[in-house]
Amino acid sequence: MGRRKTEMKRIENATSRQVTFSKRRNGLMKKAFELSILCDAEVALIVFSTRGKLYEFASSSILDTIERYRSHSRINNTQTTSESVENTQNLKEEAESMMKRIDLLETSKRKFLGEGLGSCSIDELQRIEQQLEKSITKVRAKKIQVYREQIVQLKEKEKTLVAENIRLSEKVNSSQQARKPYVDDSSPSSDVETELFIGLPETRTRLVSTKMRNS
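Residues numbered from 1 in each chain as written. Predicted model: local features only at pLDDT ≥ 70, side-chain atom pairs only at ≥ 80, totals over all residues. Heavy atoms only, no water.

With that settled, consider the pattern of salt bridges. With the rule as written, the count across this model stands at four salt bridges. Between Glu12 and Arg10 there is a salt bridge whose closest N-O contact spans 3.3 Å. With respect to class, Glu12 is no different from Arg10; both count as exposed. Close ionic contact of Glu42 with Arg68 constitutes a salt bridge, the shortest N to O distance being 2.3 Å. With a gap of 26 residues between them, Glu42 in the loop between α1 (14-39) and β1 (44-48) and Arg68 in helix α2 (residues 62-112) connect regions that are remote in the sequence. (Salt bridge = Lys/Arg side-chain N within 4 Å of Asp/Glu carboxyl O. Buried < 20%, exposed > 50% of the residue type's maximum accessible area, 1.4 Å probe, protein only. Helix = DSSP H or I, 4+ residues; strand = E, 2+ residues; numbered from the N terminus.)

Pasting the structure below:
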């Protein structure tokens, strides 16, 4: 059986929790040591137990490593703060530019819909009219294109239907020819004489004598 996956939550049993802490702490110390040796990395590890007991490991001086960490953090925090201010300013300017552009588009939209034209000059009205005429031309051209495409599709569909109709007609004619009875007109006609007698053999009288002709 494979190892059971441990659920990541606090172990309620104090004894089990202490055993697990000891095992995991030793494993962590071992991994830190291996990392420092194999990769020539500067490693510092600090662990406090629930009772406040300190466990530590350092590949060199743990104080020097902590001071190096603090210096690195100060530099990064300064750069991060400066970059954040610059990014915030750029985003603010970009947002203001987008808002102005949106306002202009909304105003233009209302004018194209025939609203808010009271403050427009003659030149502006002429520009709006020209733009609308261009838009109408484009719409009409697109409509004609769609109509032509639909006509081509309908013609193709018509050809398909005509071909299918011809195929079905030929199939029906073939079926009718197969069902038509065969009649031999060249055979000569023959007479068949039929006699019907009623009564006892001694007194029977022939009543009917007919002739039938088969063609």
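Next comes the rest of the write-up.
With that settled, consider unusual backbone geometry. For Asp40, which is not a glycine, the phi torsion comes out positive at approximately 50°. Here Asp40 is to be found in the loop between α1 and β1. Given the relative accessible area of 72%, Asp40 is considered exposed.

Moving on, we come to a nonpolar patch on the surface. A cluster of nonpolar side chains, contributed by Phe33, Ile37 and Leu38, occupies part of the molecular surface with about 360 Å² of accessible area. Relative to the assigned elements, Phe33 resides in helix α1. (Patch = residues over 30% accessible without salt bridge, like charges linked within 9 Å, V, L, I, M, F, W, Y side chains within 5 Å. Areas by Shrake-Rupley, 256 points an atom, 1.4 Å probe, with all protein chains shown as cover.)

With that out of the way, let us pick up the nonpolar core. Nonpolar side chains in soluble globular proteins tend to end up buried together. One finds Met29, Ala32, Val43, Leu45, Val47, Tyr55 and Phe57 forming the largest nonpolar core, which totals seven residues. Contributing elements (two or more residues each) for this core: α1, β1 and β2 (54-58). Setting aside residues no more than four positions away along its own chain, Leu45 makes contact with Leu28, Met29, Ala32, Tyr55, Glu56, Phe57 and Ile62. (Core = buried A, V, L, I, M, F, W, Y, C linked by side-chain atoms within 4.5 Å. Contact = heavy atoms within 4.5 Å.)

Right, let's talk about the pairing of β2 for a bit. Within a regular beta strand, the side chains point alternately toward one face of the sheet and then the other, so they alternate between its two faces. Residue alternation in β2 divides its side chains into a buried set, Tyr55 and Phe57, and an unburied set, Leu54, Glu56 and Ala58. Sheet analysis places β1 next to β2, joined by five bridges and oriented antiparallel. Paired with Phe48 across the bridge in β2 is Leu54. (Pairing = 2+ DSSP bridges.)

Another point: α1. For α1, with 26 residues, the first-to-last C-alpha span of 37 Å sits near the 38 Å given by 1.5 Å per residue. Residues Arg25, Met29, Ala32 and Ser36 constitute the buried set of α1. Contacts made by the buried residues of α1 are with β1 and β2. Phi turns positive, to about 50°, at Asp40, one or two residues after α1. (Expected span 1.5 Å × (residues − 1).)

Overall, the prediction assigns the chain a mean pLDDT of 80, with 78% of residues at 70 or greater. Across residues 203-215, where pLDDT falls below 50, the model places 30 contacts with residues more than four positions away in sequence or in other chains. (pLDDT = per-residue confidence, 0-100.)

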